[in-house]
Amino acid sequence: MPEHATPPPADNAPFSLTRYRFDRMELAGSLGDLGTLLPIAIGMLIVNGISSTGIFFSVGLFYILAGLYYRVPVAVQPMKVIGAYAIAQSLDASTVQAAGLLMAIILLVLGATRFMNVVARAITKPVIRGVQLSTGIILATKGATFILGTSPIQKAAEVAEPYLGVNTFLWLPAGIWIGLIFVIATLYLIDSRRFPAGIVVVIGGMLFGLLLSGGAPLAGVSVSLHLPKLLPFGFPGWEALSLAFLAMALPQTPMTIGNAVIANADLSREYFPEGDRVTPRALCISMAGANFLAFLVGGMPMCHGAGGLAAHYRFGARTAGSNLIIGSVFLILAVLVGPSVLKVVQLLPLSVLGVLLLFAGMQLCLQVMDIRDRRGMFTVLVMLCLTLASNLAVAFIMGFILSRLLQSERFSV
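Cut-offs and rules
Residues numbered from 1 in each chain as written. Predicted model: local features only at pLDDT ≥ 70, side-chain atom pairs only at ≥ 80, totals over all residues. Heavy atoms only, no water. 1 Å grid on protein atoms, 1.4 Å probe; cavity = no way out; pocket = protein on both sides within 12 Å on 5 of 7 lines; lining within 4 Å. Points joined across faces, edges and corners; volume = space filled by probe spheres on them. Helix = DSSP H or I, 4+ residues; strand = E, 2+ residues; numbered from the N terminus. Nonpolar A, V, L, I, M, F, W, Y, C, P; charged D, E, K, R; others polar. Expected span 1.5 Å × (residues − 1). Bend = angle between axes of the 7 residues up to and from the residue. Buried < 20%, exposed > 50% of the residue type's maximum accessible area, 1.4 Å probe, protein only. Contact = heavy atoms within 4.5 Å. Polar contact = N/O pair within 3.5 Å; in protein donor to acceptor, adjacent residues only side chain to side chain. Phe/Tyr/Trp six-rings, centres within 6.5 Å; stacked < 30°, edge-to-face > 60°. Lys NZ or Arg CZ within 6 Å of the ring centre and 35° of its normal.

(A) Molecular detail of the layout of surface pockets. In this model, the largest pocket occupies a volume close to 930 Å³. Of all elements in the fold, only helix H2 (34–48), helix H4 (80–88), helix H7 (125–148), helix H8 (152–157), helix H11 (238–271), helix H17 (374–389) and helix H18 (392–406) reach the threshold of two or more residues within the lining of the largest pocket. No other element matches H7, which puts eight residues into the lining of the largest pocket. For the lining of the largest pocket, the per-class residue count stands at 22 nonpolar, 10 polar and two charged. Approximately 280 Å³ is the volume attributed to the second largest pocket. What lines the second largest pocket is a set of 18 residues, among which Leu31, Leu34, Val202, Met206 and Val329 lie closest to the centre. Put simply, the parts of the chain that give the lining of the second largest pocket at least two residues each are helix H1 (24–30), H2, helix H10 (197–213), helix H14 (321–336) and helix H15 (341–345).

Next comes the structure, spelled out in structure tokens:
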């Protein structure tokens, strides 16, 4: 356990704020997963037209409630299959809301019937590590594209930092220089308690954004009271529900089971053995509740995630105080800034988000180091190949089948 991480009280102890710390390390850790959350959230705000107040309100409340219940750090992330498909196809907000509602129902059934416990017992360690390695590579690769200026957002705008209006510096994309600066800073400060890397990266990145843009993104931002509207896009019709079910909920479900439930519960046990509330069944039910909330206020479909947990942990989160910190930030932005919140988050350069993603991905990839046998490593690497060639849902299903086959002496590698 790191030097600053004093053991929290037993998980079955009565509620007490002594189990939550609110120091610099918890603040730094709370910021560690912004590289995953913000790009998809911004994309869905711009392309799909969902509610900025609804997104930030539901994310903030989910962070806080998850921290209060689980009593250890828990990640909150967008559902990536749904988010990517919705953005790529420019779907309307009603269809996105339909996908969130359907995922809430699916996850509630999986958790309430305890079927998720049966699935969890059937998943072998190589399959879990395959999900974690594949997710880590995806996150790190995405981070590299933000730094290099080759992500879809940057290509479409033909600008390295489209929200800041900056393209090149000394004949290279500006993001490469910014990314290099913050990669070096992160490597130097990753274990620092005095200047935690997460705080330096996020605050330093926003200062860079202010400097490069001259504060232009903040024009028109006003502070007043904003509360989320109930069903701002109405109840989705049958056409939206059917499209959302076939194109988004079905492919999202295996990925959610593999990464947000099974791999996440396993990683949480490794990081926080005292956090015995983080079970596959509980994760399903909490995600179901979060997606019902997001549906009601016009937010985005959300989940937990092993990658997000790795990011929070790597940058310093050791208690659920990190959840309360970042959740409060999101709630305050939602209530006080409301529709203008997008302009605030756009101050953070995409290349800086890329640095956060890069380190989160690498932290997750390192979990594979405890696979020592040939058959297990073969399963892990096949899953990585399938993820890169197709998607994580396909890799999870095929990895499960392969791991079962390789348990028999009739098959070998």
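(B) Looking closely at empty space enclosed by the protein. Counting across every chain of the model gives one cavity of 30 Å³ or more. For the largest cavity, the full set of lining residues is Pro78, Met79, Lys80, Gln252, Met255, Thr256, Asn259, Ala260 and Cys303. For the lining of the largest cavity, the leading source of residues is H11, giving five residues. Each residue belonging to the lining of the largest cavity can be placed in one class, and the counts come to five nonpolar, three polar and one charged.

(C) Focus on H11. Look at H11: only 43 Å from first C-alpha to last across 34 residues, short of the 50 Å you get at 1.5 Å a residue. The largest bend along H11 reaches roughly 45° and is located at Phe245.

(D) Representation of the environment of Leu218 within the structure. Structurally, Leu218 can be placed in the loop between H10 and H11. Judged by relative accessible area, which is 32%, Leu218 ranks as partly exposed. In contact with Leu218, not counting residues within four places along its chain, are Leu210, Lys343, Val344 and Leu347.

(E) Expanded view of the side chain of Arg129. Position of Arg129 relative to the elements: it lies in helix H7. One polar contact links Arg129 to Asp370, side chain to side chain, over a distance of 2.8 Å. Not counting chain neighbours up to four residues away, the residues in contact with Arg129 comprise Asp266, Glu270, Gln367, Val368, Asp370, Ile371 and Val380.

(F) The arrangement of the packing of aromatic side chains in detail. Scanning the model with the defined rule gives eight aromatic pairs in all. Note on Tyr271 and Phe272: the rings are 6.1 Å apart at their centroids and 75° apart in plane angle, and the pair reads as edge-to-face. Given a relative accessible area of 3%, Phe272 falls into the buried group. Ring pairing ties together the aromatic residues Phe56, Tyr63 and Phe330, which thus form one cluster. Taking the ring centre of Tyr69 as reference, the NZ or CZ of Arg277 above it sits at 4.9 Å. Seen from the ring of Tyr313, Arg318 lies directly overhead, with NZ or CZ sitting 3.7 Å from the centre.

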